[in-house]
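Structural features, examined
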2 protein chains.
Amino acid sequence: MNNFTYFNPTKVHFGRESINKLGDLAQKTGSKALLMYGGGSIKNNGIYDKIIHQLAENSIEVVEYAGIKSNPVYQDVNSARDLAIKTNTDMIIAVGGGSVIDSAKIAALVVPEKMDAWDIMTGKTKPTKALPIITVLTLAATGSEMNQFAVLQNHEEKAKKGFGHPACYPKHSILDPELTYSVPKDYTAYGIVDLIAHALEAYFGDGECGIADRIVESIIKESIAFAPKVLNEPNNYDYRANIMWLATSALNGITTYGKTTGDWGVHDIGHVLSLLYDIPHGASLSIAYPAWLKLMKNKHEDKINRLGEEVFDCFQADDTISGFEGFFKAIGSPIRLSEINIGKEKHTEILKQMKLNKVSGYVNKLEEKNYPVLIDFMA
Amino acid sequence: MNNFTYFNPTKVHFGRESINKLGDLAQKTGSKALLMYGGGSIKNNGIYDKIIHQLAENSIEVVEYAGIKSNPVYQDVNSARDLAIKTNTDMIIAVGGGSVIDSAKIAALVVPEKMDAWDIMTGKTKPTKALPIITVLTLAATGSEMNQFAVLQNHEEKAKKGFGHPACYPKHSILDPELTYSVPKDYTAYGIVDLIAHALEAYFGDGECGIADRIVESIIKESIAFAPKVLNEPNNYDYRANIMWLATSALNGITTYGKTTGDWGVHDIGHVLSLLYDIPHGASLSIAYPAWLKLMKNKHEDKINRLGEEVFDCFQADDTISGFEGFFKAIGSPIRLSEINIGKEKHTEILKQMKLNKVSGYVNKLEEKNYPVLIDFMA
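Before going further, it helps to examine the relation of the copies chain B and chain A. For the pair chain B and chain A, the superposition axis carries a translation of 0.0 Å, the fit reaches an RMSD of 0.0 Å, and the rotation angle comes to 180 degrees. When the rotation and shift are considered jointly, the pair of chain copies conforms to a two-fold rotation axis. Proximity to the rotation axis, assessed at the C-alpha, singles out Pro9(B) in chain B; its C-alpha lies 2.5 Å from the axis.

Here's what the structure looks like:
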């Protein structure tokens, strides 16, 4: 087991009607909120109205920053920063999935010391404080609602980078499963792929910790059990609740304590695909993970076998990989580039971008010579 | 799944030589510490010297309160309070296992508003604040190092009560596995029983949450795997580290989020045995749990079967119970009262005390008419 520090100060308010706590929590946090959200789906499903009502009832002034993209860009964060500074807001309320919450985290960091968002992502400037953040989760996938990490894109530099800071833990996270009822089938599936990928990144990370690995296996088993149920019955509270809590649990730390760090090589590959073709994060991972497992089959044979035994009741690494492919396919997430109309003619472009991004992984280093193999597996 | 709030602000510093962080952490917390510990074993194994050295190096004044009993009593907490008030200490450092940490938590609560410890345990007075607490764990068992709960005894009233308060979360918990090397074989085993019992109390608690139950099964599987190893090689870092982290994980919340509350009926029974005969907490639980499972065999047949399947590879509730009995016995923890020389002549006394304490459980209510059955199973 490795040394570690366990600290997660986010207060999670999970459950039916927990959205009704927002007004009170906001009032205890500040008086003027920058409300960040995405493309506006919250205006169609009633969530926006509920939130505005809650905040008005608690005399919270609201400044809105809408339009965060699903693969979020640093420019939006800088614009949100300017708005927050100009209007003198003292907290950020993020309503959405990982893209909105990640953008809110970096916005919270850049406001107090008027920094540039991309400079933070690249480590050029070091923030020391942040505005308090309250999140209202509307998509089960990211885990960002209960950790200190954020990922942003920079299209000019064709880069997608992750960054973490202790000041980025949301102060409060409202997890109301009913707010995810309106997530469409495909994005529900991508969210499940994403959470499983987070668990796997921990599993193939550094260090040995039996309980951490068993928690990963448990998360994957439960996700696979609930996935078809929630896709068939999207308005079933219990199914949505389980998937929501599994997604949070997959990236709130309990899968890595005792293990130092996750691998994140597959996320690196997925980021390249999202950067080039703007494909949903989860869809990029259901394509990249089987390919990565095939490449790592010999190196991690024992572990992949064990995973198969625990999750798919099989005993061969090949069967484990087929198991994941079959599951991703069954829930409607692509497992090959060809399925999303990315043909052979794009392989050079993908290879080039992988080299540019130095796609690797913290633990299981990917070498350039293996990039073409990975692309073939993904084809 | 049930609604819940997840908030655990304790910062855990886990690992080799994490004890060396104490001075720095204490300095950031206050300037004068009430150092609480137990019977003085820390003076023989070098832990005391390390701590005193660390605190001196960081100019922390130290006032000592030693002699906390292994089944801690409220009088000690009141005495510690008087000492803390008299000497004007601004933090408490608890060095020990659950007894010391629990005493420190209630001491931290009674100091600021000069309350009575037992009044807090019984709910007669409601504390609102606490001195900050730093714990240095020397026994893997309690989980108290990362939660808000404490248990104290009152011999005059023959009562043992639990209490929890958000101000009781330790600010920092130092979990250095090497500090548990000198724990003798029997107490190492009792600690393992205790952590398994905590996991089971969650398992048979209220509400349904798949991931919570799987985490319980995972904790028990890992504990059973590491128990013989650590008993054979008490100075093996990795074995001690795993058991230590399993014990913390069994009661830091992850086994109950989504489930409302644990049952705690078996702890109620164990508390009666400890009250009457001062037997170690873990030993009382290895006697009480099999008896309780026998009583609940029909009510919880499916769940006990599943537990058996997951943990002991068996498919009958009876075999699950035998599995636990066999395991407890194998690690040297008693499973019958007769093994610790409590014969039939004591049964009336036990029955009387069970009635007096209204032994029950929050979820699976035990009725008085079943007390004799339980005692027979424990005999």
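That covers the picture; the talk isn't over yet.
Mean pLDDT for chain A: 96, with 100% of residues reaching 70 or above. Among the prediction metrics, the complex's ipTM stands at 0.95, with pTM recorded as 0.96.

The interface is formed by 36 residues belonging to chain B together with 36 residues belonging to chain A. In total, about 3200 Å² of surface goes out of reach between chain B and chain A, with carbon and sulfur atoms giving 58% of it. The largest contributions to the chain B side of the interface with chain A come from Met1(B), Tyr6(B) and Ile211(B), which together make up 22% of the buried area. Across the contact surface, chain B and chain A share two salt bridges. On the surface where chain B and chain A come into contact, there are twelve residue pairs in polar contact (both at pLDDT 80 or more). If you tally residues by element for the side of chain B that touches chain A, the top one is strand β1 (residues 4-14) of chain B, at eleven residues. When grouped by side-chain class, the residues that make up the side of chain B that touches chain A number 18 nonpolar, eleven polar and seven charged.

With mixed pairing, twelve strands are arranged side by side in an open sheet as β3(A)-β2(A)-β4(A)-β5(A)-β8(A)-β1(A)-β1(B)-β8(B)-β5(B)-β4(B)-β2(B)-β3(B). At either margin of the open sheet sits one strand with a lone partner, and together these are β3 (61-65) of chain A together with β3 (61-65) of chain B. Strand-to-strand twist in this sheet, taken as the mean axis angle between neighbours without regard to direction, amounts to 25 degrees. Relative to strand β4 (residues 91-96) of chain B, strand β2 (residues 32-36) of chain B is paired through four bridges, and the arrangement is parallel. When the bridges of β4(B) are listed, Leu34(B) appears paired with Ile92(B). Its contacts with the sheet put helix α3 (residues 47-57) of chain A on β2 (32-36), β3, β4 (91-96) and β5 (133-137) of chain A, and the angle it makes with β3(A) is roughly 150 degrees. Most of the contacts of helix α9 (residues 237-249) of chain B go to β1(B), to which it runs at about 155 degrees, and overall it touches β1 (4-14) of chain A together with β1, β5 (133-137) and β8 (172-175) of chain B.

Moving on to the nonpolar core. Ranked by internal contacts, the top residues of the largest apolar core, which has 223 residues, are Trp245(A) and Trp245(B). Beyond its immediate chain neighbours, meaning those up to four positions away, Trp245(B) contacts Met1(A), Phe4(A), Tyr6(A), Cys209(A), Ile211(A), Tyr257(A), Val12(B), Phe14(B) and Leu175(B).

Residue and element names in this part refer to chain B. Running from N to C, helix α11 (residues 281-295) and helix α13 (residues 317-330) cross one another at 170 degrees; their axes reach a closest spacing of 10 Å. Taken together, the axes of α11 and α13 are roughly antiparallel relative to one another. Of the residues in α13, those in contact with Ser 286, Pro 290, Leu 293 and Lys 294 of α11 are Ile 321, Phe 324, Glu 325 and Phe 328. Tallied by class, residues from the contact of α11 with α13 come to five nonpolar, one polar and two charged.

Calculation notes
Think of each chain on its own: its residues are numbered from 1, step by step along the sequence as written. Chain labels run from A onward and ligand labels from 1 onward, assigned in the order the entries are written. Under the rules for a predicted model, residues below a pLDDT of 70 receive no local features and side-chain atom pairs below 80 are neither given nor counted, while totals for whole chains, interfaces and linings still include all residues. Where side-chain values are given, they derive from all heavy atoms of the structure, hydrogens and water being excluded. Least-squares superposition aligns the copies on the C-alpha atoms of those residues with pLDDT at or above 70 in both. Confidence of the predictor in every single residue is expressed as pLDDT, which spans 0 to 100. Two residues qualify as a contact provided that any one of their heavy atoms is within 4.5 Å of a heavy atom in the partner residue. When two parts are put together, the accessible area they lose, computed with a 1.4 Å probe and summed over both, is reported as buried area. For this analysis, a salt bridge means a side-chain nitrogen from Lys or Arg found within 4 Å of a carboxyl oxygen belonging to Asp or Glu. Within 3.5 Å is the distance limit for a polar contact, defined as a pair of N or O atoms, with the added protein rule that one can donate a hydrogen and the other accept it, and that residues adjacent in sequence qualify only through two side-chain atoms. Secondary structure elements follow DSSP: runs of H or I of four or more residues count as helices, runs of E of two or more count as strands, with numbering from the N terminus. Just so you know the grouping, Ala, Val, Leu, Ile, Met, Phe, Trp, Tyr, Cys and Pro go in nonpolar, Asp, Glu, Lys and Arg go in charged, and all remaining residues, Gly too, go in polar. By definition, two strands form a pair when at least two bridges between them are found by DSSP. Lines fitted to the C-alpha atoms define the axes, with helices restricted to the stretch that makes contact. Angles between their N-to-C directions range from 0 to 180 degrees. We define a nonpolar core as any set of buried Ala, Val, Leu, Ile, Met, Phe, Trp, Tyr and Cys residues linked to one another through side-chain atoms lying within 4.5 Å. Only protein chains enter the calculation, and the probe is 1.4 Å; a residue is then buried if its accessible area is under 20% of its type maximum, exposed if over 50%, and partly exposed in between. Under this scheme an angle from 65 to 115 degrees is roughly perpendicular, one under 35 degrees roughly parallel, and one over 145 degrees roughly antiparallel; angles in between are oblique.

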